[in-house]
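# Report on the structure
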Amino acid sequence: MSERVVVNLKLNGARRTFEVAPGRRLLDLLREDAGLTGTKEGCSAGECGACVVLLDGAPVTSCLVLAASADGHEVVTVEGLQQSGSLHPFQEALVTHGGVQCGFCTPGLAVTGAAALARSPGDAEERARLLAGNLCRCTGYVKVLEALERASSEEADHDTRRERAHFEEAPGHDPLGGHHERPDARAKVSGSTRYVADLAVPGMLHAAVAVAPVASACVVGLSLATARAIDGVEAVITAADLPGKNLVGVIFEDQPLLALERVRMVGERLALVAARSPESAWAAAHLVHADLEPLPAVHDPIQALAPDAPRVHDAGNLIRTFRVVRGHTACARASVVVEAEYRVGGQEHAYLEPQGCLAIPEGRQHITIVASCQCPFYVQQAVARVLGLSLAAVRVEQAPTGGGFGGKEDYPSELAACAAVLAFATDRPVRFVLPRELDMQVSSKRHAMVIRHRWGADRNGHLRFAEVETVLDAGAYIGISTVVAERANVSSIGPYHVPAVRVTTRVAYTNNLFGGAFRGFGAPQVTWAAEATMDRLARACALDPLEFRRRNLLDDRRRRTCTGQSVRRPVLARECLDRAAALAGWDEFHARTRHQDGPAREGMGIGLVLYGCNLHHGGQHLDRSSAVVILQSDGSVVVRVGLTEMGQGNLAACQTIAAQALGVDPAQVQVWQPDTTTVADSGPTVASRGAHASGMAILNAVERLRKRIDPLAAELLGCDERDVLLAGGFASARGDPDRRVPIARLAGEMASRRIEGISTGWYRSTERRFDAATGVGDPYEFYAIACHVAQVTVDAELGLVRVVEVSAAHDVGRVIHRDVLEGQIQGGVVQGIGWGTSEELKLDRGRLANPSFTDYIIPTSADVPRIRIAVVESEGPGGPFGAKGIGEPSLIPTAAAVRNAVVDALGIEIDRLPITPPAIVAALSDRHPFAWVAEEEKAHGRTEEPAAGR
Amino acid sequence: MDVPVQQVIRPTTVAEALAVLAGRPDSRPIAGGTDLMVQLRDGRKRVSCVVDLGGLGLAGIRQIDGGVEIGASTRMDSIAADDGVRRHFPALAAAAGTVGAWPIQCRATLGGNLANASPAADTAPALLVAEALLTVVSAAGTRRLSVVDFFLGPGRSALAPGELLVSVFLPLVQIPPDCRLVERFVKTGPRLEQVISVVSLAGRAAVRTDGALESVRLALGSVAPTPVRAQRAETVVTGRRPDPVARREAVQALQHDIAPIDDVRAPARYRRIAAAVLLDRFLQEAARV
Ligand SMILES: Cc1cc2nc3c(=O)[nH]c(=O)nc-3n(C[C@H](O)[C@H](O)[C@H](O)COP(=O)(O)OP(=O)(O)OC[C@H]3O[C@@H](n4cnc5c(N)ncnc54)[C@H](O)[C@@H]3O)c2cc1C
Ligand code: FES
Ligand code: FES
């Protein structure tokens, strides 16, 4: 047992003394010993900034500071930023500027920003540099930087770089389309929102997992004795110890919770540990010794489909084939035909909050799971299955969730299942939070795809046919890969009119990390390919890419999609293209001579997407949702929905929708995080369906509630029930606005008369017809269209891509909440840039070789382009008040636009994503002015030692 | 999670620190901890006792006779902001300002950057072109060595167990008559900020009025097992104007100064090409300024 050290701190202004273990980090002292959980842990390695605190006034990553080293010093945490109860000006600006989404990065960001303000933060570039150590995956930093600028000076140097989109003020100050404060922003910015890792219950144990280090092996044996002997360990369990089924697959039953005899991927779970401290739990997990006999593995999806490939599962590696066959591509006459093969890489979600959950057992009869997740109902099903319980015995509460992007769709079920079996095994609460590198190593990823194209156009630049053959790398387990493939399949040709289409999309098992949901769900990859081919064809037809697209876009006359579905009017593809091109100054850019400053090359490119809103026909059975609305006696409103907030703004959207429908101020509406015991199964929060599905259910609940509100209001107003209007906090009589009663009074009256003030609401999407065999029919209810135009500067020698500006035009139907909408677009654009240019999953025989924020490169605040937004509203099909989803369309076209801009700049084709500096230099091949130096390498021996490292 | 150390010692004098380090082979100094904490956590380093250098007063920048002395525990943010360093050793100031991001710079020390001996250590090329002298103390006494002799391999330096780096001395440049000085540090990597160098280069050139290079020093990071001086390239361009022919020859010679490998951050081929680009640009700039 090691000695303890005494640490004296001036902590947020007060003198405090702690006695801690010598290896205690300042971060743990603050969070565990001082109870200040506002400071977050996102990476434990100094890379993310979530743990930043002020040490003697300077921002430092508290995960890298020994508590003992802080002895005698002054520490200020996010909790100490507030002065006499009010937020620090930067915190306040983050709230009012919409700079807070999931909030997990926010406390660290607030601290760094406060420190920047204290030392005069300089110009825009300097401000972006100062914040570059605080990664944020949600906001795209735009509003964060705006907030810092706003807070930094009264005479803010009107920096037009990051201008805000301008909307018309909504008439009559309706909540709809407004930019009122997000309901979750204040708590998040002040550090008081409690994420899973901030929750502790008495007697709680900590979970850890032992995973396979190799991608394909036979499990000969597991030795657990040394792990069990670690002090503090309460349970070490393997497949043999599970009370229910050893299964976690969401759709297919191909994945065990714990491996039995076969390892199919790196990170396959072998054993679970519960211990009294995380240190003991992970120490024990590392001591689980697995005797593994290597088996052949396959790591390329194309090779996996070869007849002699090693089989990942006994039934072979081809999981499914999806098709669209419409018209005869073979007979289609085209004078220009292009062929290409695209290799599109995957993506790590890199949400700032690692996966985590807390399982609280009650006897061995019930269990409560508090989880960072997108889909509490999936978690509920998974836990019930492994424990052998009924669904009703499993309660899942969604914890505030620090980003998801699809990464918390299916994986949290696995984590919760682990925590749940440990909780039942020990009869103690168990918290399971993944360390960052393991999170990156084992959680699902955006699918890598190989996409082959053969597309043809006639002499006038009209598309004649499109053939697409795609193979998805599903990894070792299906998860939801087939659902991703289903969307990829029907999204393969973009918003273009093509008379003959043949698409084949195959899903292959490999021994790689498993693919899962990720913002866009298969559409970004095929969009990237489609837009690349559109540019190739434009060049082949000697047409401007903008003009070529104009000739082929769907419009109100030619409305048939890839699958032959008629897009409902108005079809706003042309509008989006023109608006984005105008914002980008496409014509001006092409009219002027390009700057050729040494090796810097300018380029501009277009990407478009036709996004099928909500779930595909194949998931139609899940497309329903539930809501509960309670009018309280003081006129405030409780809303419960089954779709989750993970940063994207669902709480704000639901709040706005309920406030609009009930005519109350949004601040009167409290939307609570989902809990499976309060609403019925509402399906997953995916496919940009959050605001749609929950909003529609809320509207239905309000409609039902009004059957009770309106008669009472009519009585008080002395008007007809049908003439009751609810708006601006009052019930009034139609045509006589002076005759009105406050809704609060109405609510009080309802309560005193014991009129039921609660109502449920339900939504289900309309039935559609779709022929899965031919891929023809109506896969989606309605569509949203978006166009992004990217302007880049490429350093043609170093291969560095700088995205200077992205102009984004979005057909959104109706704006529900402006800041949320803009935040989604900005965040999507920046995430798309990351995927397109720097985020590379480097797999070494199935193992992720770069599972850290140091080597998996997501954008920082210094990489943010100017983002111009055009919002195209329309009266058309859509969800609540005509709104369409924005979460995914915001990301999908960006990487494609960037790719086309880079190709434009360099004059070479690039068929691999991401377009990293080495990828550009490789693509330039002999055209690189220094290509010859690489030959020198051959003349020289290689060293065995690594040339880099930190 | 706690890092697995059993003891933290916080000496207040160098002598005390040296005594501990000498007496306990399982001990190791910690300065900002931005390298060591990461390595302790992931098990790359196992140390049971850490000796915190924070109380030794080793931080500070002093102008002394003939140069600038920087204490080993001086933080990157102080180095980047120091007027004297910026004026006389702009490459070092620039390098310090690119280590990690701001919150890292507020902890990371110069001594730690050197002692960690990463081939990617950003201050190393700048110190190599400055031909900095390091002062190292141990229970046995004080020694001075040139930074040129300091790096032995990835993670390996000339520091013996029990030795402490206490300061770094940068001799002021003697600018030859009729010359102007050009000194730069550049690094390249996959993003603009908070990035480990895929290749870094520091260059210092005294340029005559006729544009010829009176003297040149070049050093690179991340292209060999240690940060390296590019002496072959230096020799090729010294005394010449950096015209296209000279630059090409320098780039060619450079390939023999470096020995990059493929790793997770970049392939060797890219590193060779990027090193060539950085050198070519430095020489062009020297010709232009
Ligand atoms: C997110 C992140 C980003 C980073 N980015 C960069 C970057 O861009 N460029 C870069 O160069 N580095 C980078 N680093 C690495 C690191 O920050 C630097 O190397 C830093 O200068 C190390 O200094 P330190 O004081 O923190 O060292 P410590 O971690 O305290 O020590 C490092 C090593 O040096 C030894 N040591 C420290 N001081 C002395 C001394 N006086 N005498 C003898 N031995 C000593 C320690 O025992 C230890 O082995 C990064 C680190 C992180 C976490
Ligand atoms: S947790 Fe400390 S920087 Fe990420
Ligand atoms: S709001 Fe920044 S990571 Fe989510």
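Residues numbered from 1 in each chain as written. Chains lettered and ligands numbered in written order. Predicted model: local features only at pLDDT ≥ 70, side-chain atom pairs only at ≥ 80, totals over all residues. Heavy atoms only, no water.

## Thoughts on the site of ligand 1
Close to ligand 1 lie 39 residues, the nearest being B:Arg28, B:Pro29, B:Thr34, B:Asp35 and B:Thr109. More than a single chain frames ligand 1: its nearby residues are located in chains A and B. With respect to ligand 1, the side chain of B:Asp35 contributes an N or O atom lying 2.5 Å from an oxygen atom. The set of elements that each furnish at least two residues to the shell around ligand 1 consists of strand S2 (27–30), helix H7 (110–116) and strand S10 (164–171) of chain B. With five residues, H7(B) is the largest single contributor of residues to the shell around ligand 1. Taken together, the residues of the shell around ligand 1 break down into 20 nonpolar, twelve polar and seven charged. (Near = heavy atom within 4 Å. Polar contact = N/O pair within 3.5 Å; in protein donor to acceptor, adjacent residues only side chain to side chain. Helix = DSSP H or I, 4+ residues; strand = E, 2+ residues; numbered from the N terminus. Nonpolar A, V, L, I, M, F, W, Y, C, P; charged D, E, K, R; others polar.)

## A word on the interface of chain B and chain A
Contact with chain B, which involves 73 residues of that partner, is made by 81 residues of chain A. Of the roughly 6,700 Å² buried between chain B and chain A on both sides combined, carbon and sulfur atoms contribute 60%. In this structure, the connection of chain B to chain A is made through six salt bridges. Linking B:Arg281 and A:Glu797 is a salt bridge whose minimum nitrogen-to-oxygen distance equals 3.1 Å. In this assembly, chain B and chain A are joined by 19 residue pairs in polar contact (both at pLDDT 80 or more). Elements with a contribution of two residues or more to the side of chain B that touches chain A: strand S1 (7–9), helix H2 (36–41), strand S3 (49–52), helix H6 (102–105), helix H10 (244–257) and helix H11 (268–288) of chain B. Looking at the side of chain B that touches chain A, the element that brings in the most residues is H11(B), giving twelve residues. (Contact = heavy atoms within 4.5 Å. Buried area = accessible area lost by both parts, 1.4 Å probe. Salt bridge = Lys/Arg side-chain N within 4 Å of Asp/Glu carboxyl O.)

## With respect to the domain arrangement of chain B
Residues and elements named next belong to chain B. According to the domain assignment, chain B contains domain 1 (7–52), domain 2 (61–171) and domain 3 (179–288). Distance between the C-alpha centres of domain 2 and domain 3: 20 Å. At the junction of the two partners, domain 2 supplies 26 residues and domain 3 supplies 24 residues. Of all residues in domain 2, Pro 119, Pro 125 and Val 129 give up the largest surface area on contact with domain 3, accounting jointly for 30% of the area buried on that side. Across the domain 2-domain 3 interface, the total number found is three salt bridges. A salt bridge links Arg 229 to Glu 131, with the nearest nitrogen and oxygen atoms 2.8 Å apart. The tally of links from domain 2 across to domain 3 stands at nine residue pairs in polar contact (both at pLDDT 80 or more). Looking at the side of domain 2 that touches domain 3, the elements with two or more residues in it are helix H5 (90–96), helix H8 (123–130) and strand S8 (151–153). The greatest single-element share of the side of domain 2 that touches domain 3, amounting to six residues, is contributed by H8. (Domains from an automatic or database assignment.)

## A short note on the domain arrangement of chain A
Residues and elements named next belong to chain A. Partitioning chain A into domains gives domain 1 (5–40 + 48–78), domain 2 (89–194), domain 3 (198–295 + 355–433), domain 4 (449–616 + 773–924) and domain 5 (624–764). On a C-alpha basis, the centroid separation for the pair domain 3 and domain 5 is 39 Å. Counting residues at the interface gives 21 residues for domain 3 and 18 residues for domain 5. Summed over both partners, the interface of domain 3 with domain 5 buries about 1,300 Å², with 54% contributed by carbon and sulfur atoms. At the junction of domain 3 with domain 5, the criterion picks out ten residue pairs in polar contact (both at pLDDT 80 or more). Listing elements by their share of the side of domain 3 that touches domain 5, those giving two or more residues are helix H10 (376–387) and strand S16 (394–398). In terms of residue class, the side of domain 3 that touches domain 5 is built from ten nonpolar, eight polar and three charged.

## Considering the state of the cysteines
All names here are of chain A. The full count for this structure, using the stated rule, is zero disulfides over all chains. As a non-bridged cysteine, Cys 654 has Cys 375 as the owner of its nearest cysteine sulfur, 15 Å distant. By relative accessible area, Cys 654 is classed as buried at 0%. (Disulfide = S-S within 2.5 Å. Buried < 20%, exposed > 50% of the residue type's maximum accessible area, 1.4 Å probe, protein only.)

## Considering the packing of aromatic side chains
Residue and element names in this part refer to chain A. Here the structure, examined in full by the defined rule, presents seven aromatic pairs over all chains. A centroid spacing of 6.5 Å and a plane angle of 40 degrees characterise the contact between Trp 282 and Phe 432, whose relative ring orientation is tilted. Separated by 150 residues along the polypeptide, Trp 282 in helix H8 (residues 278–287) and Phe 432 in strand S17 (residues 430–433) bring together distant segments of the chain. Relative to Trp 528, the ring of Tyr 342 lies with its centre 6.0 Å away and its plane at 85 degrees, an arrangement referred to as edge-to-face. Note that Tyr 342 is positioned in strand S13 (residues 336–344) and Trp 528 in helix H14 (residues 523–540), a separation of 186 residues in sequence. The class of Tyr 342 is buried, set by a relative accessible area of 0%. In this structure Trp 528 comes out as buried when scored by relative accessible area, which is 1%. Directly above the aromatic system of Phe 730 lies the positively charged group of Arg 740, at a separation of 3.6 Å from the ring centroid. (Phe/Tyr/Trp six-rings, centres within 6.5 Å; stacked < 30°, edge-to-face > 60°. Lys NZ or Arg CZ within 6 Å of the ring centre and 35° of its normal.)

## A few points about the sheet that holds S1(B)
Residues and elements named next belong to chain B. An order of S1-S3-S2 is seen for the three strands of this open sheet, with the pairing classed as parallel. This sheet does not close on itself; its edge strands, each paired only once, are S1 and S2. The mean angle between the axes of side-by-side strands here comes to 30 degrees, regardless of whether they run parallel or antiparallel. As paired strands, S1 and S3 are joined by three bridges and run parallel to one another. Its bridge partner being in S3, Val 8 is matched across the sheet by Val 50. Along the sheet, helix H1 (residues 14–23) contacts S1, S2 and S3; its crossing angle with S2, the most-contacted strand, is approximately 145 degrees. (Pairing = 2+ DSSP bridges. Axes fitted to C-alpha atoms, helices over the stretch in contact; angles between N-to-C directions.)

## Comments concerning the sheet that holds strand S4 (residues 58–61) of chain A
All names here are of chain A. Read across the open sheet, the five strands follow the order S2-S1-S5-S3-S4; overall the sheet is mixed. For this open sheet the edge positions go to strand S2 (14–20) and S4, each flanked by a neighbour on one side alone. The mean inter-strand angle of the sheet, taken between neighbouring strand axes irrespective of direction, is 40 degrees. Sheet analysis places strand S3 (residues 52–55) next to S4, joined by four bridges and oriented antiparallel. Bridge pairing links Val 52 to Thr 61 in S4. In the packing of helix H3 (residues 106–118) onto the sheet, contacts are made with S3 and S4, and the angle to S3 comes to roughly 40 degrees.

## Digging into the packing of helix H21 (residues 818–837) of chain A against helix H22 (residues 892–906) of chain A
Residue and element names in this part refer to chain A. Following both chains from N to C, one finds H21 and H22 inclined at 50 degrees, their axes separated by 7 Å at the closest point. The angle between H21 and H22 falls in the class oblique. The crossing of H21 and H22 is right-handed. Contacts between H21 and H22 involve Gly 828, Val 829, Gly 832, Ile 833, Trp 835, Gly 836 and Thr 837 from the former and Thr 894, Ala 895 and Val 898 from the latter. (Parallel < 35°, antiparallel > 145°, perpendicular 65-115°, else oblique. Left-handed = near helix turned anticlockwise from the far one by under 90°.)

## As for the pairing of strand S4 (residues 61–64) of chain B
All names here are of chain B. Relative to strand S5 (residues 67–71), S4 is paired through four bridges, and the arrangement is antiparallel. In the sheet register, Gln 63 faces S5, and the bridge partner there is Val 68. In textbook terms, the turn of a hairpin is the stretch between consecutive antiparallel strands, and for S4 and S5 this stretch comprises two residues, one of which, Gly 66, has a positive phi near 75 degrees.

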